[in-house]
Amino acid sequence: MSPAAGSTDGKTLYAQWCAGCHGATGKGDGPNAARLPVPPAKHGDGKAMSARSDDALFDTIEAGGAIMNKSHRMPAFGGSLTSLQIRALVQYIRTLCNCQPPAWSRDGLQP
Ligand code: HEC
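All values reported here derive from a predicted model rather than from experimental measurement. (Residues numbered from 1 in each chain as written. Predicted model: local features only at pLDDT ≥ 70, side-chain atom pairs only at ≥ 80, totals over all residues. Heavy atoms only, no water.)

S.K.: I keep staring at the overall build of the chain and nothing clicks. Help me out?
M.R.: Each helix and strand counted, the chain has five helices and zero strands in total. Taken from N to C terminus, the helices and strands of the chain fall in the order α-α-α-α-α. By the compact-globule yardstick of 13 Å for 111 residues, the chain fits well, its C-alpha radius of gyration being 14 Å. In terms of overall dimensions, the chain has a C-alpha envelope of 40 × 30 × 25 Å along the principal axes. Classification of the 111 residues of the chain by burial places 35% in the buried group. Here the contacts in the chain between residues at least 6 apart in sequence split such that 53% fall between residues at least 24 apart. Split by element, the accessible area of the chain, about 6700 Å² in all, is 54% carbon and sulfur. Taken as two groups, the 11 positive and 8 negative side-chain charges of the chain have centres that lie 8 Å from each other. (Helix = DSSP H or I, 4+ residues; strand = E, 2+ residues; numbered from the N terminus. Rg over C-alpha atoms; globule rule 2.2 N^0.38 Å. Buried < 20%, exposed > 50% of the residue type's maximum accessible area, 1.4 Å probe, protein only. Contact = heavy atoms within 4.5 Å. Areas by Shrake-Rupley, 256 points an atom, 1.4 Å probe, with all protein chains shown as cover. Lys, Arg positive; Asp, Glu negative; His and termini not counted. Charge placed at Lys NZ, Arg CZ, Asp CG, Glu CD.)

S.K.: What is the right way to look at the side chain of His 22 in this model?
M.R.: Looking at the secondary structure, you find His 22 in helix 2 (residues 19-22). Within the structure, the side chain of His 22 is placed 2.9 Å from the backbone oxygen of Ala 41, a separation counted as a polar contact. Ignoring sequence-local partners within four residues, the contact set of His 22 consists of Tyr 14, Lys 27, Gly 28, Asp 29, Gly 30, Pro 40, Ala 41, His 43 and Met 74. (Polar contact = N/O pair within 3.5 Å; in protein donor to acceptor, adjacent residues only side chain to side chain.)

S.K.: Help me understand the site of the ligand, please; the structure alone is not making it clear to me.
M.R.: Neighbouring the ligand are 22 residues, the closest being Cys 18, Cys 21, His 22, Arg 52 and Met 74. His 22 is positioned such that a nitrogen or oxygen atom in its side chain is 2.8 Å from a nitrogen atom of the ligand. Measuring from an oxygen atom of the ligand, one finds a side-chain N or O atom of Arg 52 at 2.5 Å. The cavity that encloses the ligand is the largest pocket. (Near = heavy atom within 4 Å. 1 Å grid on protein atoms, 1.4 Å probe; cavity = no way out; pocket = protein on both sides within 12 Å on 5 of 7 lines; lining within 4 Å. Sits in = over half its atoms within 2 Å of the grid points.)

S.K.: In this structure, what is going on with the packing of helix 4 (residues 54-63) against helix 5 (residues 83-97)? I would like to understand it.
M.R.: For any two helices packed against each other, the geometry comes down to the angle between their axes and how far apart the axes lie. Close contact between helix 4 and helix 5 brings their axes to 9 Å; oriented N to C, the two are set at 125°. Between helix 4 and helix 5, the angle is such that the two are oblique. The hand of the helix 4/helix 5 crossing is right-handed. In this structure, helix 4 contributes Asp 54, Leu 57, Phe 58, Ile 61 and Glu 62 to the contact, and helix 5 contributes Ser 83, Ile 86, Arg 87, Leu 89, Val 90, Gln 91, Ile 93 and Arg 94. When the residues that make up the contact of helix 4 with helix 5 are grouped by side-chain class, the tally is seven nonpolar, two polar and four charged. (Axes fitted to C-alpha atoms, helices over the stretch in contact; angles between N-to-C directions. Parallel < 35°, antiparallel > 145°, perpendicular 65-115°, else oblique. Left-handed = near helix turned anticlockwise from the far one by under 90°. Nonpolar A, V, L, I, M, F, W, Y, C, P; charged D, E, K, R; others polar.)

S.K.: Just to check I follow, could you spell out the coordination of the iron atom of the ligand for this structure?
M.R.: Geometry sets the ideal angles at a metal, namely 109.5 degrees for four tetrahedral donors and 90 or 180 degrees for six octahedral donors. Coordination sphere of the iron atom of the ligand, protein contribution only: His 22 (NE2) and Met 74 (SD), at 2.0 to 2.1 Å. Taken together, the six donor atoms surrounding the iron atom of the ligand define angles of 88 to 179° at the centre, an arrangement classified as octahedral. With a gap of 52 residues between them, His 22 in helix 2 and Met 74 in the loop between helix 4 and helix 5 connect regions that are remote in the sequence. For His 22, a relative accessible area of 9% puts it in the buried group. (Donors = N, O, S within 2.8 Å, 3.2 Å for Na, K, Ca; no water. Tetrahedral: all angles 85-135°; square planar, octahedral: opposite > 155°, others 65-115°.)

Quick look at the structure:
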C-alpha cells in the first residue's frame, strides 16, 4: 500500500499504527507495551502532552523516538505515513489528552 492510499483520519490511523504500543485510548497500555524496555508515552496524559508542541509530536512520529532523545523503540513513521497523516495523528493526540500545546508554540498568541 502506498502511503497516500491510507486513511487521513487520525483515529483510524492511531488504531492501525499506534494502539499496539500506546493503547487504544493512549493510556500506554497496548498489547506490546509490556515487552518494551521503556513504556510507551501516555498520549492521554494532559499534563505531559500539554508540555509538547505540535512540532515536537510531529517530529517524533516522523523521525522516531531516537532523534528526540527518547527510546529508539518508538519507530519512525516518515517512510510509511504522509505529512498529512502525521498531522492528523498529532491532532488526534490532542483529543486523547484533551489538551493544548504550550502557549509559546501556538501561532498568533501573545506570550
Ligand atoms: C513499537 C511500539 C510503538 C509504536 C508502534 C508506536 N510507538 Fe510511539 N512511543 C513508543 C515508546 C516506547 C515511546 C516512549 C519513548 C520514551 O519515552 O523514551 C513512544 C513515544 C511516542 C511519542 C513521544 C511522546 C512524548 O512524550 O513526547 C509520540 C508523540 C509517539 N510515541 C507517537 C506515536 C504514534 C502517533 C504512533 C503511531 C503512528 C506510535 N507512537 C507508535 C513506542 C511505540
